[in-house]
Amino acid sequence: MKKSRFFIANWKMGMPLASAQEWCKRHVGGLTALQKGDNNLVLCPNFVALQSVIELCKPAAINIGAQNCSQHAQGAYTGEVDAQSLKDVGVRYCIVGHSERRALFGETDEAVVNKIVALEANGIKPIICIGEDSKQYHAGHTKAVLEGQLRLVFPVLATLPRALIAYEPIWAIGTGDTPDINYLDDIFLWLREQVMMKAPDTIVSLIYGGSVTPDNAEELINVQQIDGLLIGGASLDFQKFEKIVSLASR
Ligand code: PEP
């Protein structure tokens, strides 16, 4: 059976408002063609661009995600954006626990859990990012690191109807390095077993992220337990994004 595939574009801070608007206007037709069959396209622009991207991409019937949200429902949290505002603007997905937020903004496992709860209360599906750094990878500690990052998450995840877990080795993000396919096979099979054991009633899509390009997309999506790709740098360039989606949805 052909699996339903997610293609999630994480634009990070690489697409300022005017560029995001231009990208959407120019490529809405192309996006419509890519959003076919079992494909699920999710674009994650910055907060300010969300509303425009949602409006401009309406004809393509794709989903829009946020890159972050506050762990609090409301209050004196200057600069934060609450999940309800994201819902109100039309956001359907939200990235939480991205390694850049963990490393640069001190996002803890507790904060990740709170964000998942806040998103769930507003009907937004979390894209929960996990991953080990290069030292942990070389020491053979990947599963222990992932287990630690998921320890607090699983009890909440088990109460949700659906969620996404994105395995993104930190050493693969933006570096051009990707893990060996046999290694990914093993990690994703293990992740699937963890989900079946700890959140058996939740529909969890497992996503790979880290230096996805048109050259490796097909091989990556063919890993048995991978349900989709999270694409950073390459998603800024529509031609590359289009190639990735086309090759990985054959
Ligand atoms: C990311 O940061 O989520 C990511 C996948 O980045 P890149 O594709 O650029 O490695």
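Residues numbered from 1 in each chain as written. Predicted model: local features only at pLDDT ≥ 70, side-chain atom pairs only at ≥ 80, totals over all residues. Heavy atoms only, no water.

Colleague: With reference to specific residues and values, describe the environment of Gln194.
Modeller: Considering the arrangement of structural elements, one finds Gln194 in helix H9 (residues 181-198). Residues Gln194 and Val153, 41 residues apart in the sequence, show an inter-C-alpha distance of 12 Å. (Helix = DSSP H or I, 4+ residues; strand = E, 2+ residues; numbered from the N terminus.)

Colleague: Account for the nonpolar core, naming residues and giving values.
Modeller: Ranked by size, the top nonpolar core spans 72 residues in total, and within it Leu31, Leu43, Leu157, Tyr208, Leu229 and Phe241 carry the most contacts. Excluding its chain neighbours within four sequence positions, the residues that come into contact with Tyr208 are Tyr167, Pro169, Ala172, Thr178, Pro179, Leu184, Phe188, Leu220, Ile226, Gly228, Leu229 and Leu230. With 12 residues, the next largest nonpolar core counts Ile8, Ile95, Cys129 and Leu164 among its residues. (Core = buried A, V, L, I, M, F, W, Y, C linked by side-chain atoms within 4.5 Å. Buried < 20%, exposed > 50% of the residue type's maximum accessible area, 1.4 Å probe, protein only. Contact = heavy atoms within 4.5 Å.)

Colleague: So what's going on with the packing of helix H7 (residues 142-151) against H9? Which residues, and what values?
Modeller: Contact geometry for H7 and H9: axes closest at 11 Å, N-to-C directions at 30 degrees. Crossing hand, H7 versus H9: right-handed. Contacts between H7 and H9 involve Thr142, Lys143, Leu146, Glu147 and Leu150 on the former and, on the latter, Tyr183, Asp186, Ile187, Trp190, Leu191, Gln194 and Lys198. When grouped by side-chain class, the residues that make up the contact of H7 with H9 number 6 nonpolar, 2 polar and 4 charged. (Axes fitted to C-alpha atoms, helices over the stretch in contact; angles between N-to-C directions. Left-handed = near helix turned anticlockwise from the far one by under 90°. Nonpolar A, V, L, I, M, F, W, Y, C, P; charged D, E, K, R; others polar.)

Colleague: Quick rundown of the pairing of strand S2 (residues 39-44)? Include the residues and the values.
Modeller: With 6 of its 6 residues buried, S2 lies for the most part within the structure. Here strand S1 (residues 5-10) runs beside S2; their pairing, made up of 6 bridges, is parallel. Along S2, the bridge assignment pairs Phe6 with Asn40. With 2 bridges connecting them, S2 and strand S3 (residues 63-66) associate as parallel partners. By the bridge assignment for S3, Val42 is matched with Asn63. Once the chain exits S2 it traverses helix H2 (residues 50-57) before rejoining the sheet at S3, and the crossover so formed is right-handed. (Pairing = 2+ DSSP bridges. Right-handed = clockwise from strand over helix to strand, strands pointing away.)

Colleague: Describe the pattern of salt bridges, and please don't skip the residues or the numbers.
Modeller: One pass over the full model with this rule turns up 9 salt bridges. Between Lys12 and Glu100 there is a salt bridge whose closest N-O contact spans 2.8 Å. Taken together, the residues Lys12 in the loop between S1 and helix H1 (17-34) and Glu100 in helix H4 (residues 99-105) connect sequence positions 88 residues apart. Residue Lys12 is classed as partly exposed on the basis of its relative accessible area of 24%. For Arg102, the salt bridge goes to Asp109, with nearest N and O atoms at 2.7 Å. Of the residues examined, Arg102 reaches a relative accessible area of 17% and is grouped as buried. Through salt bridges with shared partners, a single ionic network connects Arg101, Glu107 and Lys115. (Salt bridge = Lys/Arg side-chain N within 4 Å of Asp/Glu carboxyl O.)

Colleague: Describe in detail H9, supporting the description with residues and values.
Modeller: An ideal rise of 1.5 Å per residue puts 26 Å on 18 residues; H9 measures up with 25 Å between its terminal C-alpha atoms. Regarding H9, the residues found buried are Tyr183, Leu184, Ile187, Phe188, Trp190, Leu191, Arg192, Gln194 and Val195. Two to three positions downstream of the cap, the backbone nitrogen of Asn182 sits 3.0 Å from a side-chain oxygen, assigning the N-cap of H9 to Asp180. (Expected span 1.5 Å × (residues − 1). Polar contact = N/O pair within 3.5 Å; in protein donor to acceptor, adjacent residues only side chain to side chain.)

Colleague: I'd like a description of the site of the ligand, backed by residues and values.
Modeller: Taken together, 14 residues form the shell around the ligand, and within it Lys12, Glu168, Gly174, Ser211 and Gly233 come nearest. The contact in question runs from an oxygen atom of the ligand to an N or O atom on the side chain of Lys12, over 2.5 Å. His98 is positioned with one of its side-chain polar atoms (N or O) 2.8 Å from an oxygen atom of the ligand. When the ligand is considered free in solution it has 300 Å² of accessible area, and contact with the protein chains removes 96% of it. Of the residues assigned to the shell around the ligand, the class counts are 4 nonpolar, 7 polar and 3 charged. (Near = heavy atom within 4 Å. Areas by Shrake-Rupley, 256 points an atom, 1.4 Å probe, with all protein chains shown as cover.)

Colleague: Quick rundown of the pairing of strand S7 (residues 203-209)? Include the residues and the values.
Modeller: S7 sits mainly inside the fold: 6 of its 7 residues count as buried. Relative to S7, strand S6 (residues 162-167) is paired through 6 bridges, and the arrangement is parallel. By the bridge assignment, Arg162 is partnered in S7 with Ile203. Taken together, S6, H9 and S7 constitute a β-α-β crossover, and its handedness is right-handed. For S7 and strand S8 (residues 228-231), the ladder comprises 3 bridges, and the chain directions are parallel.

Colleague: Describe the packing of aromatic side chains, with residues and values.
Modeller: Considering all chains together, one arrives at 7 aromatic pairs under this definition. Consider the rings of Trp23 and Phe238, whose centres lie 5.5 Å apart with planes at 80 degrees: the pair is edge-to-face. One end of the pair, Trp23, is in helix H1; the other, Phe238, is in helix H11 (residues 238-248), and 215 residues separate them in sequence. Residue Trp23 is classed as buried on the basis of its relative accessible area of 7%. Here Phe238 falls in the buried class, since its relative accessible area comes to 4%. Plain terms: the ring middles of Tyr137 and Tyr183 are 5.2 Å apart, the flat faces sit at 90 degrees to each other, and that makes the pair edge-to-face. Taken as a pair, Tyr137 in helix H6 (residues 134-138) and Tyr183 in helix H9 lie far apart in primary sequence, 46 residues in all. Looking at Tyr137, the relative accessible area reads 23%, which means it is partly exposed. Tyr183 gets classed as buried once you look at its relative accessible area, which sits at 18%. Ring pairs connect the aromatic residues Trp11, Trp23, Phe238 and Phe241, which therefore count as one cluster. Geometry around Phe105 places Arg101 over its ring, the cationic atom sitting 4.4 Å from the centre. (Phe/Tyr/Trp six-rings, centres within 6.5 Å; stacked < 30°, edge-to-face > 60°. Lys NZ or Arg CZ within 6 Å of the ring centre and 35° of its normal.)

Purely spatial values, then, with no claim about function.
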